[in-house]
Amino acid sequence: YRLGWAYRNAAAAGLPRENPNDAFDQLIKEHSSSPMAEFAREAKNVPWKSKSTAQARSLLPGLGQMYVGETRSGVIRLSIGVAAATAILVPIYIAAHRKSDLTWNRDWPLLATGLSGLIVLSFDYTSSYEDAMRGVVQWNERAESNFNNSHPGAP
């Protein structure tokens, strides 16, 4: 029973079960008449969040936060990502259109702006990814805690 909950937060490769509900299913199958099997049946219906889904959505900063219900944080991170990408792309566009007229003395701010955008984007991406993984764990822990609070006999 406890493994079913633990597998929902596991992101390690090579574990014996691919699907977190497999642990619940095995308990239900092998011990169908036990009280634990009834808890497992009900626990399978508790909504949960997947680290792999959050990871995929985090390719765009902020979408992982939105996935775990942290919409405000997601919008802020997405806005920072768009602003940083703009700080990278606008100088590239300007430099491409003025390539024959570029001089270091006059156009160094283009390079500085692009590099600043790259630094901000990399920080935003990394922190968004880490925050989304934290959000998944917290979401699943809250779901488990709420289940256990509403089922006092659960271990």
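The structure we're discussing is the one just above.
About the cut-offs
Residues numbered from 1 in each chain as written. Predicted model: local features only at pLDDT ≥ 70, side-chain atom pairs only at ≥ 80, totals over all residues. Heavy atoms only, no water. Phe/Tyr/Trp six-rings, centres within 6.5 Å; stacked < 30°, edge-to-face > 60°. Helix = DSSP H or I, 4+ residues; strand = E, 2+ residues; numbered from the N terminus. Buried < 20%, exposed > 50% of the residue type's maximum accessible area, 1.4 Å probe, protein only. Lys NZ or Arg CZ within 6 Å of the ring centre and 35° of its normal. Axes fitted to C-alpha atoms, helices over the stretch in contact; angles between N-to-C directions. Left-handed = near helix turned anticlockwise from the far one by under 90°. Contact = heavy atoms within 4.5 Å. Nonpolar A, V, L, I, M, F, W, Y, C, P; charged D, E, K, R; others polar. Core = buried A, V, L, I, M, F, W, Y, C linked by side-chain atoms within 4.5 Å.

### Structural notes on the packing of aromatic side chains
- One pass over the structure, following the stated rule, counts four aromatic pairs.
- Ring geometry for Y1 against F39: centres 6.0 Å apart, planes inclined by 50°, an arrangement best described as tilted. Taken together, the residues Y1 in the segment before α1 (2–9) and F39 in helix α3 (residues 35–44) connect sequence positions 38 residues apart.
- The buried category is assigned to Y1, whose relative accessible area is 14%.
- Aromatic side chains W5 and F24 sit 5.8 Å apart centroid to centroid with 85° between the ring planes, which places their arrangement in the edge-to-face category. Taken together, the residues W5 in helix α1 and F24 in helix α2 (residues 21–30) connect sequence positions 19 residues apart. For the pair formed by W5 and F24, the shared burial category is buried.
- Grouped by ring-pair contacts, the aromatic residues Y1, W5, F24, F39 and F147 constitute a single cluster.
- The ring of Y67 carries the charged tip of K49 above its face, separated from the ring centre by 4.6 Å.
- In this arrangement the basic side chain of K49 is found over the ring face of W139, its NZ or CZ atom lying 4.5 Å from the centre.

### Things to note about the packing of α2 against α3
- Following both chains from N to C, one finds α2 and α3 inclined at 145°, their axes separated by 8 Å at the closest point. Relative to α3, α2 is oriented so that their crossing is left-handed. Contacts from N21, F24, D25, L27 and I28 of α2 reach α3 at M36, A37, A40, R41, A43 and K44.
- In terms of residue class, the contact of α2 with α3 is built from seven nonpolar, one polar and three charged.

### Points about the nonpolar core
- Of all hydrophobic cores here, the largest spans twelve residues; its members are Y1, W5, F24, L27, I28, F39, A40, A43, V46, A143, F147 and A154.
- Looking at this core, the elements that each hand over two or more residues are α2, α3 and α7 (104–150).
- Discounting residues that sit within four places of it in the chain, I28 has contacts with A37, A40, R41 and K44.
- Judged by nonpolar contacts, the second largest core, of six residues, contains Y67, V68, A132 and M133.

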